[in-house]
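Below, each chain spelled out in residue letters.
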Amino acid sequence: DLDNTAIYARVMREQPLRFGSFSYGASLLSADLTAPGRPAADSIRDIGIDAMFQRNRGMHDYTLAGNFVRERLDTERSRRIGAALRSAQDLDRVQLSANYLYRKTWGIGLGYTRLWGDADPLYYASPGGRPDYGALRFDAIWNPLSARPLKFNPLLSTRLGLQYVHYDRFAG
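Rules and cut-offs
Residues numbered from 1 in each chain as written. Predicted model: local features only at pLDDT ≥ 70, side-chain atom pairs only at ≥ 80, totals over all residues. Heavy atoms only, no water. Helix = DSSP H or I, 4+ residues; strand = E, 2+ residues; numbered from the N terminus. Buried < 20%, exposed > 50% of the residue type's maximum accessible area, 1.4 Å probe, protein only. Contact = heavy atoms within 4.5 Å. Salt bridge = Lys/Arg side-chain N within 4 Å of Asp/Glu carboxyl O. Pairing = 2+ DSSP bridges. Axes fitted to C-alpha atoms, helices over the stretch in contact; angles between N-to-C directions. Patch = residues over 30% accessible without salt bridge, like charges linked within 9 Å, V, L, I, M, F, W, Y side chains within 5 Å. Areas by Shrake-Rupley, 256 points an atom, 1.4 Å probe, with all protein chains shown as cover.

A short note on the environment of Met59
With respect to the helices, strands and loops of the structure, Met59 is situated in the loop between strand 3 (42–57) and strand 4 (60–74). Residue Met59 is classed as partly exposed on the basis of its relative accessible area, which comes to 37%. Sequence spacing of Met59 and Arg103 is 44 residues, and the spatial spacing of their C-alpha atoms is 4.5 Å. Dropping the residues within four chain positions of it, Met59 is found in contact with Leu101, Tyr102, Arg103 and Lys104.

A look at the pattern of salt bridges
Within this structure, the stated rule accounts for 10 salt bridges. Notably, a salt bridge pairs Arg79 with Glu76, separated by 2.6 Å at the nearest N-O pair. A residue pair is termed a helical-turn pair when its members lie 3 or 4 positions apart in one helix, as Arg79 and Glu76 do in helix 1 (residues 76–80) at 3 residues. By sharing partners, the salt bridges in this structure join Glu76, Arg79 and Arg80 into a single network.

Thoughts on the sheet that holds strand 6 (residues 106–117)
Sheet strands line up and pair through hydrogen bonds in the backbone, either parallel or antiparallel. Taken in spatial order, the 8 strands of this open sheet run 1-2-3-4-5-6-7-8, and their pairing is antiparallel. The open sheet has two edge strands, strand 1 (7–17) and strand 8 (160–169), and neither has a second partner. Each strand of the sheet is rotated relative to its neighbour by a mean of 10 degrees, with strand direction disregarded. The pairing of strand 1 with strand 2 (residues 20–33) spans 11 bridges and is classified as antiparallel. Looking at strand 2, one finds that Ala9 is bridged to Leu28.

Section: a nonpolar patch on the surface
A surface patch of nonpolar side chains, amounting to about 340 Å² of accessible area, comprises Leu17, Phe19, Phe22 and Tyr24. With respect to the element layout, Phe19 can be found in the loop between strand 1 and strand 2.

Quick look at the side chain of Thr63
Its location among the elements puts Thr63 in strand 4. Setting aside chain neighbours within four positions, we find Thr63 in contact with Met52, Phe53, Gln54, Ser97, Ala98 and Asn99.

If you want it as structure tokens, here you go:
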């Protein structure tokens, strides 16, 4: 749970290309967190970078995206009450995705996420005491209103999807 006001900042630049567009950016998050059953507040600091390429070729839309986030958890307060062995935890996360959309109506997507970090069996309560996981994601998408937007609100859209996630590593 968020203990106080969180600070979030993002900068981004988009570069139109003759055959699509490319954007890249960076983000920062700073917040104090509390967990159920823990009276102390730990803090989190995230720094991330990301990039995305999009291409529209008539009836076909393609998107490639990726990001990297470095997270620093200050868990000194949790350590003092016996809920963590370490006073700080470092986590890294990489996400990659590719998506295809036909006539802005039907689409498929593929994504991969990998997270790894410092071991702390008390803080993470996982078998290996690590937060590590890896997941492959498959998406099927249907946008039923994209071909004929509603006249009373052309920005209103509905997306229905089916998603399957396969974990090759979970909780360490």
